[in-house]
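# Chains, contacts and geometry: an overview
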Amino acid sequence: MAKLLIAITGQAGITNASLELSRRLLAAGHEVTLAAPRDIGQKVGPLGIPFLRLPTINERPELGGEALSTTNQQGNRWTRLQERFRKRKINRLRSLALTDPTDFTQILDRLQPDVLICDVELHEYIITAYRRGLQLFLLSQWYSLWDRPGLPYLLHDTIPGEGWAGSRLALWLSWQKIRWQRRWMHKKIALLSFGSDRRSTLLTLATREGFPRRFIRKSFWPGAFTYEGLPVLAMAPFEMEFPHRPLSFLHYIGPMVYANRPEQAVSDLPAIFDRQERTGAKLLLCTVSTMAGVHDDFLLRLVRAVAPRPDWLLILGLGGQNDEFELAEGVDNVYAFSYVPQLRVLARADLSINHGGIHTIHECLHFRVPMLVYSGKRSDQNGCAARVHFHGLGLMADRDQDTPTAIRAKINYVLSEESFQEKTARMHN
C-alpha cells in the first residue's frame, strides 16, 4: 500500500472533506499524513491521522503586502509607485525568497511519500513536488474550473439551455469576456507591482524549478492560475454537473462528507426535535454562513415568512458571526443560534435553506434533504445554486429580491412538491 501525503489549505470546508478522504484511504490500507499551513491538528486528531503544519503561504509577497491599486492616502499613490519602481529588482528577489519552497522540500525529504495529493491552490508545493518526480494528484473541492463547450463559468448562475444567457453562443461569449477580464486583471497587478506579485513570482519559481509551462493556464478562478494536464481529483459528483464532456485529466471522485465528525452540542435541540415529533411539523434548517452580518435584512424576511406557519419549525444557524440577531416578539417557531451542529440537524430536516456552499450542498445530498438556495453570491456559490436548480434538487432564489410572501411560497413549494424529494434521493443514490 502507498504512503500518502495530503496537503490542503486548512480552510473549514476542504478540511472536513479531506478528513473523509483520509478516512477512506486509511480504510483501504494506505498510510496517510495530512498537512496544512493552518493549525488544524485538533480536527485531525480523532481520526488518528498524523498532522503536519506546513510553512505559511505568502499570498501577498509584493512590497509589504500593501494594496496595489489603492492606498489609504490617495496623494501618496504616485510616490509609492515611484518607490516601488526604484526597488523593483529588490522586491522581486524578496518576493521570490518569501515564496521559496525549501522548507517544504525538507518535509518531503523527511517523509518520503509515494504520492502527494495537493490542494490546487498550493502552487508552491505543486511546483516543488513535480520537480522532485513525485506521483502527484491535484485536489479540488469544486465543480469544473475549466472552459468547456456548453459549460457556464462556475461563478455565474447561468443554466444551460435557459434563455439567451444559456445558449451556446452566449456561453462562449461569456467565457471570452471572462478570459479578457482575468488577463487584464493579472497584467494590471503585475504592472503595478513591477513583477513582485504572487502570480509573477510563482511563474518565476516555475521557470527556476523546471516546471513545464504547458501545464499552466490562465486562471478563471481561484488564485494565480489553474493547471492543464496534471491529474485533478474533484471532490464533487459528476452527476451534479451540467451536461458536458469533461477534460481527460479531471476525475470526479464524489462528495467527501465526513458524517461522523465531532460537532458542538446545543442543549436546546432535543426540545425542538421533540416538538417536531409531537406535532408533525416540518423542520427547516437555514445556515447563513457568508450571508451573516450584512444580510440581516434577508434573515428578518425569512423569519417573517415562517412565523405565520406553526406547522414549520425553523432552526437558524448564524455561523458565529451574528450573536445579536433578535427574533420578533411572539415568534415561537423560529430558533436562532450562533452555532448549529449542521449534520445532526440535517439528519432530521425536511428542507435546507442555504447560501450555496458546495460542502453544505453535498451534506444535504448525503442526508437526502431538498434545498432552497439563496446564493451568497461569492466564489462558486452561484454556480452551485444553478446546479441544484437544474437537477431539480430544490430551487434557486434571490436573497436580495424575495419578499416574505415569496420566500414562504417557495418554501411551501419545495416541501409539497414530491419530485424534489425523489430527485434528491436519486442523486444521493
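Quick caveat: nothing in here was measured; it's all calculated off a predicted structure.

### Some thoughts on a nonpolar patch on the surface
On the surface, W164, L169, W172 and L173 cluster together to form a nonpolar patch covering roughly 480 Å² of accessible area. With respect to the element layout, W172 can be found in helix α7 (residues 168-193).

### What about the sheet that holds strand β3 (residues 51-53)?
Ordered in space as β3-β2-β1-β4-β5-β8-β9, the seven strands form an open sheet in which the pairing is parallel. If you trace the sheet from one side to the other, it starts and ends with β3 and β9 (250-252), each paired once. Geometrically, the sheet is characterised by an average inter-axis angle of 25 degrees between neighbouring strands, direction not taken into account. Summarising the sheet, strand β2 (residues 31-36) and β3 pair through three bridges and their orientation is parallel. Across the sheet, L34 pairs through a bridge with F51, a residue of β3. Packing against the sheet, helix α1 (residues 12-27) makes contact with β1 (3-7), β2, β4 (115-119) and β5 (135-140), and its axis sits at approximately 165 degrees to β2. Running at roughly 160 degrees to β4, helix α6 (residues 123-131) makes contact with β4 and β5 of the sheet.

### Points about unusual backbone geometry
Apart from glycine, the bulk of residues carry a negative phi angle, and the bulk of peptide bonds sit in the trans form. For the bond running from W221 to P222, omega is -5 degrees, close enough to zero to count as cis. Following the sequence through the fold, P222 ends up in the loop between β6 (216-218) and β7 (225-227). Backbone geometry places S379, a non-glycine residue, at a positive phi of 45 degrees. In this structure, S379 sits in the loop between β14 (371-374) and α13 (381-390). Residue S379 is classed as partly exposed on the basis of its relative accessible area of 32%.

The rules we used
Residues numbered from 1 in each chain as written. Predicted model: local features only at pLDDT ≥ 70, side-chain atom pairs only at ≥ 80, totals over all residues. Heavy atoms only, no water. Patch = residues over 30% accessible without salt bridge, like charges linked within 9 Å, V, L, I, M, F, W, Y side chains within 5 Å. Areas by Shrake-Rupley, 256 points an atom, 1.4 Å probe, with all protein chains shown as cover. Salt bridge = Lys/Arg side-chain N within 4 Å of Asp/Glu carboxyl O. Helix = DSSP H or I, 4+ residues; strand = E, 2+ residues; numbered from the N terminus. Pairing = 2+ DSSP bridges. Axes fitted to C-alpha atoms, helices over the stretch in contact; angles between N-to-C directions. Contact = heavy atoms within 4.5 Å. Buried < 20%, exposed > 50% of the residue type's maximum accessible area, 1.4 Å probe, protein only.

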